[in-house]
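These are the residues of each chain, in order.
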Amino acid sequence: MLKYSGGTLSDTHNHFPKEYPLKLTVNGRELATLIASPHDLRFLVAGFLRTQGFVREVGDFQTFSVCDQFGEARVHIRGEIPDQLTPVLTSGCGTGISFSLNAGPAREVPKDVRFAPAAIFAMMHDMGHRAEHYCRHGGIHSAAVSDGDRIIFHAEDLGRHNTIDRLAGQALFAGIDLTGSMLLTSGRVSAEMASKAASLGVALIASRTSPTDMAVEICTRHNIGLAGYVRGNSFRIAACPERFELDAAAD
């Protein structure tokens, strides 16, 4: 590629983020084509089915196959896929797909689960250091889940919505319940992301940028703390300040 700088052109090398279409067939029915980054596709598939409410645990999978070479995932699950599914084209990068903005029943989180500002800043900083793909070529999003002391899972993908599915897939295969966790994301918090977080039992979402008004509404309804513009030593609380341990900030 060419670089323009100071009125001159020069050759330069650049690694572009890879974009990969993955056709998903469930119980013999073609369900969707997921546009994503090509790594760790098993987590993406499992998490997508989890956040759509089609599976709840690993035992719900009867067969599970992902073929990287042909860009196809074939899965059989217990139970049936509803006959009528209305795709929702979401606000994700490149347009994501969902079948509901209510991704299964929200998990109730104890009211005493709170996070101190210092923990939010520390986990956001840690997530940034783990973003290998972003550091290599940019153009990609990061997300992570944390218990407030450490990052439990981290994911990167072209789509913000895909990173949440990847985290859900990792947790599903590891048998880890994310109820009461903190979700961190590099991108805008949209309605489908807030809904997926609610289905996973997330207690607080922290983003480097802004939430949408629908995301604020969903987080308020499900008692999820929501912080936007987490940068340096500040953030803006958009929903449920009771999820923030603000008394610790005054010490």
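Use the structure listed above.
This write-up is about the structure you can find in this document. (Residues numbered from 1 in each chain as written. Predicted model: local features only at pLDDT ≥ 70, side-chain atom pairs only at ≥ 80, totals over all residues. Heavy atoms only, no water.)

**A look at helix 1 (residues 41–51)**
And then number 1: Most of helix 1 is tucked away: 10 of the 11 residues are buried.
And then number 2: Those residues of helix 1 not exposed but buried are L41, F43, L44, V45, A46, G47, F48, L49, R50 and T51.
And then number 3: Directly beyond the C-terminal end of helix 1, a positive phi value near 85° is found at G53. (Buried < 20%, exposed > 50% of the residue type's maximum accessible area, 1.4 Å probe, protein only. Helix = DSSP H or I, 4+ residues; strand = E, 2+ residues; numbered from the N terminus.)

**Section: helix 2 (residues 117–130)**
And then number 1: Look at helix 2: 20 Å from first C-alpha to last across 14 residues, which is about the 20 Å you get at 1.5 Å a residue.
And then number 2: Among the residues of helix 2, P117, A119, I120, M123, M124 and M127 are the ones counted as buried. Down the axis, helix 2 shows its buried residues gathered within 160° of arc, on one side only. Exposed residues on helix 2 whose side chains face more than 90 degrees from its buried face are A118, H125 and H129. (Expected span 1.5 Å × (residues − 1). Arc of directions from axis to C-beta.)

**Focus: the pairing of strand 5 (residues 61–67)**
And then number 1: Bridge analysis of strand 5 against strand 6 (residues 72–77) gives six bridges, and the strand direction is antiparallel. Across the sheet, the residue bridging to V66 is A73, located in strand 6.
And then number 2: The turn linking strand 5 back onto strand 6 is made up of four residues, and G71 within it adopts a positive phi angle of 65°. (Pairing = 2+ DSSP bridges.)

**So, the sheet that holds strand 10 (residues 151–157)**
And then number 1: Read from one edge to the other, the open sheet built from six strands follows the order 10-9-11-12-13-14, with strand pairing classed as mixed. Edge positions in the sheet fall to strand 10 and strand 14 (234–239), since each of these pairs with one other strand and no more. Sheet twist, expressed as the average angle between the axes of neighbouring strands with direction ignored, equals 20°.
And then number 2: Of the pairings in the sheet, the one linking strand 9 (residues 141–146) to strand 11 (residues 182–185) comprises four bridges and is antiparallel in character. The partner of A143 across the bridge, within strand 11, is T185.
And then number 3: Along the sheet face, helix 4 (residues 160–174) touches strand 9, strand 10 and strand 11 and points at about 140° away from the line of strand 10. (Axes fitted to C-alpha atoms, helices over the stretch in contact; angles between N-to-C directions. Contact = heavy atoms within 4.5 Å.)

**A look at the packing of helix 1 against helix 4**
And then number 1: Direction vectors running N to C along helix 1 and helix 4 enclose 95°, while the axes themselves pass 6 Å from each other. Here helix 1 lies roughly perpendicular to helix 4, going by the angle between them. Contacts between helix 1 and helix 4 involve L41, R42, F43, L44, A46, G47, F48, R50 and T51 from the former and N162, D165, R166, A168, G169, Q170, L172 and F173 from the latter.
And then number 2: The class makeup of the residues in the contact of helix 1 with helix 4 is eight nonpolar, five polar and four charged. (Parallel < 35°, antiparallel > 145°, perpendicular 65-115°, else oblique. Nonpolar A, V, L, I, M, F, W, Y, C, P; charged D, E, K, R; others polar.)

**Here we look at the packing of aromatic side chains**
And then number 1: Throughout the structure, instances matching the rule amount to six aromatic pairs.
And then number 2: By way of ring pairs, the aromatic residues F43, F61, F64 and F173 are connected into one cluster.
And then number 3: R42 extends its terminal NZ or CZ atom over the ring of F43, reaching a point 4.1 Å from the ring centre.
And then number 4: Across from the ring centre of Y229, 4.4 Å away, lies the NZ or CZ of R236, which sits over that ring. (Phe/Tyr/Trp six-rings, centres within 6.5 Å; stacked < 30°, edge-to-face > 60°. Lys NZ or Arg CZ within 6 Å of the ring centre and 35° of its normal.)

**Focus on the environment of P241**
And then number 1: Tracing the chain through its elements places P241 in the loop between strand 14 and helix 7 (246–249).
And then number 2: What makes P241 partly exposed here is its relative accessible area of 44%.
And then number 3: With 17 residues separating them in the primary sequence, P241 and I224 have C-alpha atoms 9.0 Å apart.

These figures capture arrangement, not role.
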